[in-house]
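Residue strings, one per chain:
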Amino acid sequence: MADVVFLALSVITIGSAIASLEFRSLIYGSIALMGTLGGIAGFFLLLDSPFVAMFQLAVYVGSIAVLILFTVMLVKRELIFKKIEDKRRKFVGIALMLIFITALGSVIMDSGIKSITTDEPAVDFRTIGADFLIYYWPALILMALILSGSVTGALVLARRENVENDQRTD
Amino acid sequence: MEYALLQAVFLPLLLSPIAYIIGRKLGTTPAMWFTFGILLYSTILIILSVLSGTTEEHYPWTEQFGEFGFLLDGLASPFAIIIYLLSTILVFYSKPYMIHRFHEQYAEENHEIVSTNGHSTLIESSSLSNYVNAKSGLYFALYLVFAMGMLGTVLSTNLIEFYVFFEVMLIPGFFLVALWGAGPRRKIGLMFLLWTHAGAVVLLLGFLMIGLSLGSFDFADIHESEIPQNILMLSAIAISIGLGVKMAVFMYHIWLPWVHGSAPTPISALLSPAMIGIGAYGIFRLIVEFLPNTFADLSIWFHIWGLVTMIYGGAMALMQDDIKRLLAYSSISQMGYILFGIGSMSVLGLSGAEMMYVTHALGKGILFMMAGIIIVKVGTRNISQLGGLAGKMPITAVCAVIGALTIMGVPPTSGFMGEWTLFYGALETAIKDGSTIRAVTFGLGLVATVLTMSYILWMLKRVFFGKLPEHLEHVKEGSWYMTAPMMVLAGFTVVLGIYPDIFFKQIIPYMNGVLGV
Amino acid sequence: MTTEVLGLPLEIGASSAWLIWILPFIAALIMPGIGKISKHATGYVAVGFALMSAISAASLIPMALEAHEIHDQISWIDSIGLKAGVLADPLSIIMANVVGWISFLIMIYSTGYMKGDKSITRFWFWMLFFIGSMQLIVLSDNLLQVFFGWEGVGLASYALISFWYRDKKKDHVGVEGRTVLGMLDYYAPTHAGMKAFIMTKVGDVMMIAGMLLIFLFAGTFGFRELMHDTTWATTMSAQGLLVPAFVLLFGGAIGKSAQFPLNEWLLEAMTGPTAVSALIHAATMVKAGVFLVMRLAPLVFALSAAGILADQFFEIILIVGAVTALLLGLQGMVNSEIKKVLAYSTGSQIGYMMMVLGIAGLSQQFVNGYTAGFFHLISHAMFKASLFMAAGSLLHVVGSRFMTDMGGLRKNMKKTYAFMWAAGLGLMGAPFITTGFWSKDSIFGAIYTSGHPWALPIFTIAVLTAVITAFYTTRMLGLVFFGSKSKHVKKMEAEGHHIHEAPLSMWVPYGILAVLTIVIGLVGLSFEGGLHEIFTNYLEESFGIYSVHNEIENSILPGFLDGINPVALTASLSAFGIGTGLGYVFYIGRWVDPVQFVNSNILFSTFHKVILNRFYLNAIIYWCFVVSPLWLSRGVFRYFEQTAIDYGMNNGLQKAVGWSAKVVQGTQTGVTQSYLFVFGAGLLFVVLILLI
Amino acid sequence: MLELSSTPLVIIAILGTVGVLLPIISIARKEKGSNSFYAVIAFSALIVSIGYVAYQFISDNILPSALFSKDVLVDDAFGGFFAIAMLIVAIFTTVGSFNYMRKKNYPAVYYSLILLSTIGMVLVAYSTDLVMLFVAWELMSIPTYVLVGFIKKNPSSNEAALKYFLFGALSSAIIVYGISLSYGLTGSTNIGEVIHGYATLDASLLPLALLSVGMFIAGFGFKMGLVPFHQWLPDTYEGSPPTITTLLAAGTKKAGFAATIRVIVLGMVVLNLDWTLALGIIAVMTMTIGNIAAIMQKNLARMLAYSSIAHAGYILIGLAISPYSTLGLQGSLYQIMNHSVMKGAAFIAVTGIVTTLAVTNIDKLKGLGRRMPITSLGLVISLFALAGVPPLAGFWSKIVLFGGALDAGSTIWWAPWLAIAGVLNSALSLAYYGWLTRKMYFEGETEKRVSEPKSVIAIMIFSMIFLVGFGIYPDPIIKFVEFAAPTLSLDIMP
Amino acid sequence: MTNELIDFVLVSIALLGIGIYGLSVKRNAIRMLFSIEIIINAANLNLVAFGRFLPHSGGQTLALFSIAIAAAEVAVGLSLIIVAYRMYQNIDIADFRNLKG
């Protein structure tokens, strides 16, 4: 039963991942990416991790993908629709991808995790909160620093300098 | 005397900035006297220490790599004395030669200005003298560091310390060649740096193998029996190759003709006799003394390698037209003699090899100074453009002949004393071992002396004898600054040739001890 | 009789023995200083010191007559246990006198000959240095010290051969433009000096090898110590090294005495001033080899007597001497340069000495050959020095080294003419009145009576050489003094140069020697007897070699000719007669034109060509030991050193590194995609090497 | 439990506060161009931090190294060692920016980002938990993406930043992947527990464990510039502002090593030891390719970038042999410390050159020895130290490294080859250092002196004293390294 | 749980492969950003899957951190792209190749 869900999710996720890269239009690509991210969120739900799934939806689908979408819209039209590709590079890339997947896949298939299943109940998401506060609290502080740093950094970078200068001279 | 060796090694290093400042502010002559004073003081310290017997000093250094020590024993003292003696004497020689070189370079650089700006600039005498002062300050500072590096290597009592000094002498050498060499000096300086550094790192590998397997890098802790057999041979080979590059023995000699040909002559006169022989010192100390059993296995190869180097260097010297390159190849050949003597593995052979270092230092020092005088006074270094100079520069010619005799090993110069003991050692081992190879190498070695004689005499003939080319009509004798050092060395080689016990009484007891006779 | 000199206990006699060789060195050392003060004074100082040295030598003569010996040692290289010392035994005392007095005379001659030369100080320096070194060879008590003198004379010889280092045309030897087998037969002084030095060095190298071998077993270089305890010889002989060691030592003598096959340097040595040729290349230095053999031969003979056979040593000496005597004598017959003729003759005569020393060791009667050799050495030193100096006067006067440029000079230079005849007769061995006759005769006698199986062939060679000697001496005298004046002389006279006698300081020395040749020749037999007695005693006392008195009883000749072998006498007389007669026919009487005579027959002309080209020996030596090695080194230099090593290891390495740098840089395309691709592939690679 | 006075937390507190406050202050002050004001603040924050670390060391509050912790952080000597190295680099960068950032926009943000990144670097070394390590890693990385692209007008700065960013993002994803695998296999993110888990790992899961090691090597290797994960590095180092290059080359790269030592070496020893050979191969490739590529470079920064790739190779030798010889890790740490100073000084010299002459092309640096004597002297000394020429500090770390490799030769056959490769490479490296020296000192004799930035001079003098002083008397630093280097053995257990 | 761990891991590997493919082939900066997001998500999926099967809370925690950090990264990355776009009017990364060699 769940297998059907799983398969569907897999198809959606992987398919839209490929689509996001291969659609000619960047906008459709971004929407396909949302599909992938959503698919992952679905997997999270499937894995009894609703908290992460919600977070995924909120942060990824809600903000990151939207951010990307806006950026896409900022750039020129032809850049959005033009797709220049090097054929040779593409084939080599595909070959690399296939080798990669086959190699790692066979490693994993050969290893002992093939038979791992679990019947235990899922982790209560409240333990996550406890973890955060008791064990990971320095990481949280750092997380805050990361966010503040990236926000200021991104702001500084994205700011239009000449415009600002114009304002200053006014 | 306490701290005598420490002073002798580090005073030149510590005072080298002062030499620079003196040169810059007061000019060449005060800098020269200052340098001379330091080196003279250090030389006297060394000689006093030698006279008072084996001297040893130890200072704490690192825990992991052992202590920082100095040891002046029967092996080190001839090397130490010769190194500082040459350095001291060559200070005088440096002055006129380097001033000549600075003037040349100043002219070159000003020529560059002319060519780039398109209009001529007058050479102002004040700017020229400033230029010369600044340069000579730098020169003497580097010179002091160079001398100190050589001495430190010879006195060190720790593998790492040895290596450090081994490299320390390289750096000022590089600068001296690259700054004031002749020809493509920058390229040659780099070549010098790279080749000798490459050799040095191989040496370092050998050191590390020994030191790590023993757990100590101090000379005092090196006992052959405690080193695993497989490491022993490998490290001995690595050390031999590393030192072989320094000695410029056959196949590792590529850098030497270039560097000695190009370096400013006082530096050539230090490089060639004093510095490359330190490779021989290393073999004595590290292989002969510390790894005697390995040495016994390797000695025949040293012997053959030395022989090949002797003959090869001599044959190549025959083909040279550049007088300094000729002398450089001759140095290669002479290093072959030393290696040959080391390979003989007998007391007198080893003593003779060390004596060869002393005598080569004196003889080659004189010959390089001769070349320098010719460069300064004649302005060319091509033998084909020289000739008949004996009448124009008699003192130079006489000293050059004495130097040549020293190299050829003709009595009453010290060369003979080195050579016969060396060949005696070769013969002794050949007969005692009943070894045909050694007998043959002994014979060929003697043939090589004839070769040595041929190229040296031919060089003398082409430089000092024969018809005087017209453009040399107005050549003058070199100044006293240049000839006096030559005469000192010439006197030394004759005294040593007649009474070699001065060094033999240091060397032979040591070698007896090493070979356990 | 000991006294303190510089704190060293010294016998009185010993001090003069030391002084003999030290004085010339002192003079040499002060010579540059004196030269700075006054060039003129140098000559007097040099001659004075030479005289003092000679007098010191003379003061030892009584000791020699008493067969006394002085052996005095001081410490030298303590760490090896070597001592320096003098050994004044009869052999060395007589030799020192010969050297001392002849060199004194030649020094006097030089004051005239070298007058006005700019580098006179240098000349005196090297002459004195030479005398000192020579006396050092003579008086040293050990081989190492001998080697010092040995190389010292070599050095002086080198310096004096190339004395006129400016290589002016007139100082060359040989005929300009003439080639033998493609090698130029025309030598500049500097070239000749080098040739001499290097060629003798070959001998020296052998000598040092021999010395070292002996030192290895005996632990000493001293002559007396070697004799004192002969266990070393037993060991060496057992290992088969005794004869090689001595032969190697003899190698030194071959080089220094210009014996076959190292004879070729002596001819070119004539580029030096004639005084030098007289002193070094006729009277003294080339005799050093003979002297060395004379030092060693008794030792070897004594060893042989003690059962340690070393006959091969003497056989080699014998053969080398015989070959040299004949070979160089033949060449002397055809050369046109007067000094070269004399040089050939010198080599040939030294061959005689070697020959007889060799035969001495092979015969029972060692002392006969020994005395004969030494006697010939003395007499040769006198007449050859005289001849050389006279030749120097001729050169001085005529200004050419070719005899064909002289001719008919007997009227212009009467004294020289007379003295040259006297000395020349000595060389030819004119019967009964010259030393040369007696010494050569004793050589013949010694060879003939040796009883060795090779005695007869060697005797034949000796006689043949005597014929040749007489012939070329007559030829020389005839060409120089007889016949009509040459074009060159005529031209000189036409230009107003008066051909006149040499100055006093020059003719007196060679006059003295020429007269001595005759005077001693007149009492030759008793002189020889005296020498014989001295050496008999000497050999008995020092080496325990007792002579066998059996020869005189067998003599069929009356009293005053005691000790003369009739066969030898006959041979000697006829050799003189034939040689001189032939010479007279061709060159004095000029009844037959020698050129026509040679060209008349293909055999003669071929033979003439061969000996004129020095049996091609010189050319072959040059091809083998100069041209080929140079060619080889050039090849190695060009195709190995410059190409493989220099270019290969410097530029080649540089290029290789540069090329690989280009390759590596080529991968750095700047395209992020490929970087990322490499990253991915790298990840895969790392994982795979981890897993495998 | 982690005490509040433990070093990492104090550093977070000091630098974090200052780092966050700086932009706020700048908004509050509403003025531009007062670069030195922010620089001084940042500088003093860094000095206080380094002082605190030193104080902790002196007062023996720091645990000996190689301890695992139940917490995410541990206040051990290993971390302290790296903290000192990183803080020195940060100080270099800050001081070097005094002149460089003059008349450039947003100095407050610039220094704030430097401080944040510094926290990240330091915390990477202190982490004992993979999550913590990852977060610190990101804190170190993200500000540097911005800093590399900080010169917005400069196309190369932007290009460098983009390349760096793409690589950085990819590698952090790879790291997360690696963490996920090791977490999945052991059920914990705490390094100690991971090791414990690995030690008792079922044999069938071993490939996955090695897969995670591979992912870590790739992820951290990106930062360290290991071949084949190095390609971004020369481009970024060349394009970014030279001060930031200092931070990257001398700082973040070392943080990569800290992470590697913590995670791969410390953590994975219990696994099959095959990974050491992989590291060895990578080490040889890295130093060879780095050196060879450096030889023909025309641009100083780029040459130094390649040289720093090569140095990553040398350091990796120590990691590769760490299980076999105690000298291995000591050598690596020693080299890390020296390299921080040497490379830091070299890039600050580049900063000085760029600030005054605005060129980095080597051909245009002829006669630099005359134009900027102190800068070039400092540069040359650090170059020779990089080449491992005695008696400079770089020599000692190299001999410890190569000695360690030889020492390990008794247990593992390929270790001596690492030493040989290293030795040959350092000889090769002297070729381009020497060539640069030649350009600076032996050509262009006619150049005139220009005034050098004071801040650069200060750093040059400091580094010269450091390199020569510890070259002549290396004992203190060797002792420090011995103290800080964790001892590895096959039976270490949390 | 009906699904096996291996299924999730395989999906994750596939996504990782696709991401690497995208990074090494696509020239558009934004698409490269997509690829990175895909890889991060693959890693997150892996984490959560492992966390579920252990079962343990750490996987989810790290996934949360990872998501947050990805957001920060994307912000920085996008701003860099915008800067590039302003400068070149182009976001084709393959054209940004001034730094090379």
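Worth saying up front: this structure is predicted, and the values here are computed from it rather than measured.

Draft legend 1. Quick look at the arrangement of the chains. Most contacts, compared over the eight pairs of chains touching, are made between chains A and E. Chain A shows no contact with chain B. Their nearest C-alpha atoms sit 38 Å apart. At the level of C-alpha atoms, the two units chain B and chain E stay apart, their nearest approach being 24 Å.

Draft legend 2. Spatial organisation of empty space enclosed by the protein. One pass over the full model with this rule turns up seven cavities of 30 Å³ or more. The volume enclosed by the largest cavity comes to roughly 90 Å³. Looking at the largest cavity, the residues that line it are G409(B), F416(B), E419(B), W420(B), F423(B), L446(B), T449(B), F147(C), K201(C), D204(C), V205(C) and I208(C). Of all the elements in the fold, those that place two or more residues in the lining of the largest cavity are α16 (414-433) and α17 (436-464) of chain B together with α7 (189-218) of chain C.

Draft legend 3. Seen up close, the side chain of T260(D). Residue and element names in this part refer to chain D. Along the chain, T260 turns up in helix α10 (residues 242-268). Of the polar contacts made by the side chain of T260, one reaches the backbone oxygen of G256; its length is 2.5 Å. Contact partners of T260, with chain neighbours within four places excluded, come to F220, M224, V265 and L319.

Draft legend 4. Spotlight on the packing of helix α11 (residues 274-295) of chain D against helix α12 (residues 300-320) of chain D. All names here are of chain D. Interaxial distance between α11 and α12 falls to 7 Å at its minimum, and their mutual angle equals 160 degrees. In this view, α11 runs roughly antiparallel relative to α12, as classed from their interaxial angle. Helix-helix and strand crossings are classified by hand; for α11 and α12 the assignment is left-handed. Here W275, T276, L279, G280, I282, A283, T286, M287, G290, N291, A293 and A294 of α11 come into contact with α12, specifically with M303, Y306, S307, I309, A310, A312, G313, Y314, L316, I317, L319 and A320. Classifying every residue of the contact of α11 with α12 gives 17 nonpolar, seven polar and no charged.

Draft legend 5. Fine view of the interface of chain C and chain D. Across the boundary between the two partners, chain C contributes 25 residues, which contact 37 residues of chain D. Across the interface of chain C and chain D, roughly 2500 Å² is buried in total on both sides, 78% from carbon and sulfur atoms. On the chain C side of the contact with chain D, Q668(C), F679(C) and L690(C) bury the most area, a combined 28% of that side's loss. Our enumeration of links across chain C and chain D arrives at zero salt bridges. In this structure, the connection of chain C to chain D is made through five residue pairs in polar contact (both at pLDDT 80 or more). Looking at the side of chain C that touches chain D, the elements that each hand over two or more residues are α26 (617-667) and α27 (672-691) of chain C.

Draft legend 6. Examining the environment of T396(B) more closely. Residue and element names in this part refer to chain B. In this structure, T396 sits in helix α15 (residues 394-408). Accessibility expressed as a relative area gives 0% for T396, which makes it buried. Placed 60 residues apart in sequence, T396 and I456 show a C-alpha to C-alpha distance of 15 Å. The residues touching T396, leaving out its near neighbours within four places in the chain, are M370, I373, F464, E477, T483 and M486.

Draft legend 7. Representation of the domain arrangement of chain B in the model. Residues and elements named next belong to chain B. When the domains of chain B are assigned, the result is domain 1 (1-290) and domain 2 (306-517). Between domain 1 and domain 2, the C-alpha centre-to-centre distance is 22 Å. Across the boundary between the two partners, domain 1 contributes 51 residues, which contact 43 residues of domain 2. Summed over the shared surface of domain 1 and domain 2, the result is zero salt bridges. The tally of links from domain 1 across to domain 2 stands at 11 residue pairs in polar contact (both at pLDDT 80 or more). When residues of the side of domain 1 that touches domain 2 are traced back to their parent elements, those giving at least two are α2 (28-51), α3 (76-117), α9 (255-262), α10 (265-275) and α11 (277-289). Examining the composition of the side of domain 1 that touches domain 2, we find that 16 residues originate from one element, α3, more than from any other. Grouping the amino acids of the side of domain 1 that touches domain 2 by side-chain chemistry returns 35 nonpolar, 12 polar and four charged.

Draft legend 8. Looking closely at the interface of chain E and chain A. Chain E puts 70 residues into the contact, and the matching count from chain A is 83 residues. Summing the contributions of chain E and of chain A, the shared interface buries around 7000 Å²; its carbon and sulfur component is 75%. Seen at the junction of chain E and chain A, the total is 14 residue pairs in polar contact (both at pLDDT 80 or more). Elements supplying a minimum of two residues to the side of chain E that touches chain A: α1 (5-25), α2 (29-53) and α3 (58-88) of chain E.

How each quantity is defined
Residues numbered from 1 in each chain as written. Chains lettered and ligands numbered in written order. Predicted model: local features only at pLDDT ≥ 70, side-chain atom pairs only at ≥ 80, totals over all residues. Heavy atoms only, no water. Contact = heavy atoms within 4.5 Å. 1 Å grid on protein atoms, 1.4 Å probe; cavity = no way out; pocket = protein on both sides within 12 Å on 5 of 7 lines; lining within 4 Å. Points joined across faces, edges and corners; volume = space filled by probe spheres on them. Helix = DSSP H or I, 4+ residues; strand = E, 2+ residues; numbered from the N terminus. Polar contact = N/O pair within 3.5 Å; in protein donor to acceptor, adjacent residues only side chain to side chain. Axes fitted to C-alpha atoms, helices over the stretch in contact; angles between N-to-C directions. Parallel < 35°, antiparallel > 145°, perpendicular 65-115°, else oblique. Left-handed = near helix turned anticlockwise from the far one by under 90°. Nonpolar A, V, L, I, M, F, W, Y, C, P; charged D, E, K, R; others polar. Buried area = accessible area lost by both parts, 1.4 Å probe. Salt bridge = Lys/Arg side-chain N within 4 Å of Asp/Glu carboxyl O. Buried < 20%, exposed > 50% of the residue type's maximum accessible area, 1.4 Å probe, protein only. Domains from an automatic or database assignment.

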